[in-house]
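Listed below are the residues making up each chain.
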Amino acid sequence: MFLGAIYVMRLEKGIISSTQLVYLIFGLITGSILTVTYSFGITKQNTWIVIITGFVVTAVFTTVYLGLMKPFPGKNLVEINDIVYGNFLGRVISCIYISGFFMIVPYNLRFVADFMVESLFPETPVVVFALVFVLLGMWAVREGLEVIARVSPIISVVTIMVVFSLIIFIIKDMNITNLLPLYNLTFKKLVQGTHIIFAIPFGEIQILLFIAPYVKEQKKVKKSMFLGLLFGMIIVLIVIIRNIVVLGVLLDNQVSATYQVATLINVGETITKVEVLVGMVLLFTLFLKVCIFYYAIVLGIATILKMRTYKPIIIPYGVISLTLSMSLYEASIDGGYFGANIYPISAIPVQVILPVLTLIIIWLRRFPKEKS
Amino acid sequence: MLDIIAVIIEVPELLKRQYWREIFIFFFLLFFTTLVAYLYVKGFEIPNPMDGLKYIVKDLLKLNYK
């Protein structure tokens with residue numbers, strides 16, 4: 001136990017404040033604004049309902065994740081597994097967790113590179129953007145958690161400003177009747193949409209199990225996690241409703257609806273071409289998201305291997321995620337299919353089953369008492 | 001080539017602190033990832049986790065939505 005504590009102290013010296021945690025979660029969730037598109041094809045104009053139900057489900061599971069953290073302050077997910085399941089089984093379960101998170105970085109790399117190529121730089125090879133992105137990510141992760149956390153408020157403020165200015169610019173093209181018909185949502189579609197929303201933007205809050213232990217005020221973690229989740233949800237909701245209201249039926253055949261909305265903006269022939277702003281915000285928020293996942297995975301692997309510093313893993317993981325991101329699929333349509341139909345199911349073990357199981361075992365073995 | 005840069009960046013600090021175990025892990029992972037990247041560049045099919053997941057979820061378990 002004591003040795004474990006020393007390892008943690010050496011692995012991450014940085015300490016972040018609870019306000020920075022709010023911004024981190026906010027950036028994590030808004031980074032997925034464009035991937036919410038996956039559920040547009042399924043739930044169409046009712047996507048905003050799905051966002052709210054997804055938020056409720058996520059709030060429930062966030063309490064589960066917080067319940068995991070509560071008996072073990074200052075321990076990350078891998079160490080919690082080591083304590084709860086014992087040394088060997090804990091490692092195995094941590095490996096399952098890590099393999100579940102492993103593909104998220106390559107996937108987001110490919111997503112941002114595809115987006116840049118499709119909308120802004122059609123002549124450039126995809127690999128260039130992924131390479132630049134992963135190099136930046138490497139740098140940020142090498143600098144440590146504090147740097148990532150410190151950059152997050154700036155990114156969040158820029159995101160909020162861009163979202164609201166886009167709304168103001170596009171207000172003349174809005175058509176509220178696009179929200180109708182309201183209740184033609186079948187139960188199966190509701191479940192699928194909610195599941196997508198839970199799995200892709202909101203459920204990824206689980207990665208905070210690796211970051212929340214390094215927050216200075218442990219008592220405020222719960223509050224700031226819910227606060228970040230709420231703010232993120234509100235921004236995603238605003239963006240989604242704006243997209244629906246502006247685009248209407250056109251919505252389901254857009255690769256990135258937010259970008260499409262921005263191309264429509266034309267205020268008195270002066271304010272045009274604002275879609276670059278969307279691209280910029282996407283880069284910012286996805287950068288934050290990739291950094292958080294990159295950091296968490298590298299830290300997790302280092303903890304599993306009982307290393308004294310996580311730095312040696314950064315470069316190999318960057319190289320392999322770059323390679324994987326290039327060989328993931330042929331076109332971004334495949335990615336949309338995977339995100340909508342396969343990924344939510346394949347994420348169930350990591351996002352739902354294992355945390356709940358761990359929480360039940362924690363309850364049965366009454367861990368806080370044993371510790372004191 | 002990139003590997004050499006990576007080694008130059010990482011190894012001195014580790015050597016200074018005498019983290020032999022970490023150096024071993026670093027070289028092992030670096031070799032592995034470079035091999036994968038090299039094979040990809042040369043046009044080999046790399047087993048792709050996404051296809052594997054697709055196969056398990058869609059064809060074995062038949063749990064997918066569509």
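In short, a report on the structure. Because the structure is predicted, anything quoted here is derived from the model rather than measured. (Residues numbered from 1 in each chain as written. Chains lettered and ligands numbered in written order. Predicted model: local features only at pLDDT ≥ 70, side-chain atom pairs only at ≥ 80, totals over all residues. Heavy atoms only, no water.)

Some remarks on the overall build of chain A
Stated formally: The secondary structure listing takes helices from DSSP runs of H or I that are at least 4 residues long and strands from runs of E that are at least 2 residues long, numbered from the N terminus. Note that the radius of gyration is over C-alpha atoms, with the globule rule given as 2.2 Å times the number of residues to the power 0.38. Residue exposure (1.4 Å probe, protein chains only): buried if accessible area is under 20% of the type maximum, exposed if over 50%, otherwise partly exposed. Contacts are assigned to residue pairs with any non-hydrogen atoms lying within 4.5 Å of each other. Computed with a 1.4 Å probe, the accessible areas rest on the Shrake-Rupley method; for each residue, only the protein chains presented here act as cover.
Looking only at helices and strands, one finds 17 helices and zero strands in chain A. Taking 21 Å as the expected radius of gyration for a compact globule of 372 residues, we find that chain A reaches 20 Å, a close match to that expectation. Taken along its principal axes, the extent of the C-alpha atoms in chain A is 65 × 45 × 35 Å. Per-residue burial over chain A gives 60% buried out of 372 residues. Relative to all contacts within chain A whose residues are 6 or more apart in sequence, the contacts with residues 24 or more apart total 84%. Total accessible area computed for chain A in this model is approximately 14900 Å², and 71% of it derives from carbon and sulfur atoms.

Digging into the interface of chain A and chain B
Put simply, the rule reads: Put simply, buried area is how much 1.4 Å-probe accessible surface two parts lose in total, over both of them, once they are put together. The working definition used for a salt bridge is a side-chain nitrogen of Lys or Arg within 4 Å of a carboxyl oxygen of Asp or Glu. Any residue that is not Ala, Val, Leu, Ile, Met, Phe, Trp, Tyr, Cys, Pro, Asp, Glu, Lys or Arg is counted as polar, Gly included; the first ten are nonpolar and the last four charged.
Taken together, the 33 residues of chain A in the interface contact 31 residues of chain B. Summing the contributions of chain A and of chain B, the shared interface buries around 3200 Å²; its carbon and sulfur component is 69%. When the buried surface of chain A facing chain B is broken down by residue, R308, I315 and I345 of chain A rank first, second and third, together holding 17% of it. Counting every contact that joins chain A to chain B gives zero salt bridges. For the side of chain A that touches chain B, the per-class residue count stands at 20 nonpolar, seven polar and six charged.

Let's talk about the packing of helix α7 (residues 104-120) of chain A against helix α8 (residues 126-143) of chain A
All names here are of chain A. Inclusion rule: Every axis in this analysis is a line fitted to C-alpha atoms, fitted for helices over the stretch in contact. Angles between the N-to-C directions lie between 0 and 180 degrees. Here roughly perpendicular refers to angles of 65 to 115 degrees, roughly parallel to angles under 35, roughly antiparallel to angles over 145, and oblique to all remaining angles. Crossings are classed by handedness, with left-handed meaning an anticlockwise turn of the near helix from the far one by less than a right angle and right-handed meaning a clockwise turn.
Following both chains from N to C, one finds α7 and α8 inclined at 130°, their axes separated by 8 Å at the closest point. In this view, α7 runs oblique relative to α8, as classed from their interaxial angle. Judged by the sense of rotation from one axis to the other, the crossing of α7 with α8 is right-handed. Of the residues in α8, those in contact with L109, R110, V112, A113, D114, M116 and V117 of α7 are V126, F129, A130, F133 and V134. Taken together, the residues of the contact of α7 with α8 sort by class into ten nonpolar, no polar and two charged.

Thoughts on a nonpolar patch on the surface
Let me state the cut-off plainly: Patch membership requires more than 30% relative accessible area and the absence of a salt bridge. Residues of like charge join within 9 Å; the nonpolar side chains Val, Leu, Ile, Met, Phe, Trp and Tyr join within 5 Å.
Together, F31, L35, Y38, L39 and F44 of chain B give the surface a local cluster of nonpolar side chains, amounting to about 540 Å² of exposed area. Mapped onto the fold, Y38 of chain B is located in helix α2 (residues 20-41).

Considering helix α6 (residues 87-102) of chain A
Residues and elements named next belong to chain A. Just so we agree on the cut-off: One less than the number of residues in a helix, times 1.5 Å, gives the span that helix is expected to have. Summarising the geometry, the arc corresponds to the directions from the helix axis toward the C-beta atoms.
Between the first and last C-alpha of α6 there are 22 Å, a value that for 16 residues agrees with the 22 Å anticipated at 1.5 Å per step. Taken together, the buried positions of α6 are occupied by G90, I93, S94, Y97, I98 and F101. Looking down the long axis of α6, one finds its buried residues gathered within 145° of arc, a one-sided arrangement. On the buried face of α6, the contacting elements are α5 (77-85), α7, α13 (275-304) and α16 (348-365).

Examining the environment of Y23 of chain A
Residue and element names in this part refer to chain A. Positionally, Y23 belongs in helix α2 (residues 18-30). Once the C-alpha coordinates of Y23 and V57 are considered, the two residues, 34 residues apart in sequence, prove to be 21 Å apart. Apart from the residues lying within four places of it in its own chain, the contact partners of Y23 are S152, P153, S156 and L288.

Side note on the packing of aromatic side chains
Residues and elements named next belong to chain A. Selection rule: Pairs were defined over the aromatic rings of Phe, Tyr and Trp, the Trp ring being its six-membered one, requiring ring centres within 6.5 Å. Orientation was assigned from the angle between planes: stacked under 30 degrees, edge-to-face over 60, tilted for the rest.
Taken as a whole, this structure holds ten aromatic pairs over all chains when the rule is applied. Ring centres 5.3 Å apart and planes at 40° place the aromatic pair F121 and F129 in the tilted group. Centroid distance F133 to F287: 6.2 Å. Interplanar angle 85°. Geometry classified as edge-to-face. Here F287 lies in helix α13 and F133 lies in helix α8, a separation of 154 residues in the sequence. No difference in accessibility class separates F133 from F287, as the two residues are buried. Taken together, the ring pairs connect Y97, F101, F210 and F293 into an aromatic cluster.

Here's the deal with the pattern of salt bridges
Residue and element names in this part refer to chain A. A complete count under the given rule lists five salt bridges over all chains for this structure. One salt bridge connects D114 with R110, and the closest N-O pair in it is separated by 3.3 Å. In this pair, D114 and R110 are both assigned in helix α7, four residues apart and thus about one turn of the helix distant. On the accessibility criterion, D114 (8% relative accessible area) is buried. On the basis of relative accessible area, R110 is assigned to the buried category, the value being 5%. In this structure, K289 and E204 form a salt bridge, with 3.0 Å as the shortest nitrogen-oxygen distance. In this pair, K289 sits in helix α13 while E204 sits in the loop between α10 (187-202) and α11 (221-247), placing the two residues 85 residues apart along the sequence. With respect to class, K289 is no different from E204; both count as buried. Each member of the salt-bridge network shares a partner with another, and the members are D82, R91 and K306.

A short note on the side chain of S346 of chain A
Where we set the bar: Under this definition, polar contacts are N or O atom pairs within 3.5 Å; protein pairs additionally need one hydrogen-donor-capable and one acceptor-capable atom, and for neighbouring residues in sequence, both atoms have to be side-chain atoms.
For S346 of chain A, the location among the structural elements is in helix α15 (residues 332-346). Judged by relative accessible area, which is 18%, S346 of chain A ranks as buried. Looking at S346 of chain A, its side chain comes within polar contact range of the main-chain oxygen of Y343 of chain A, at 3.0 Å. In this view, S346 of chain A contacts L53 and V57 of chain B; residues no more than four positions away in its chain are not counted.

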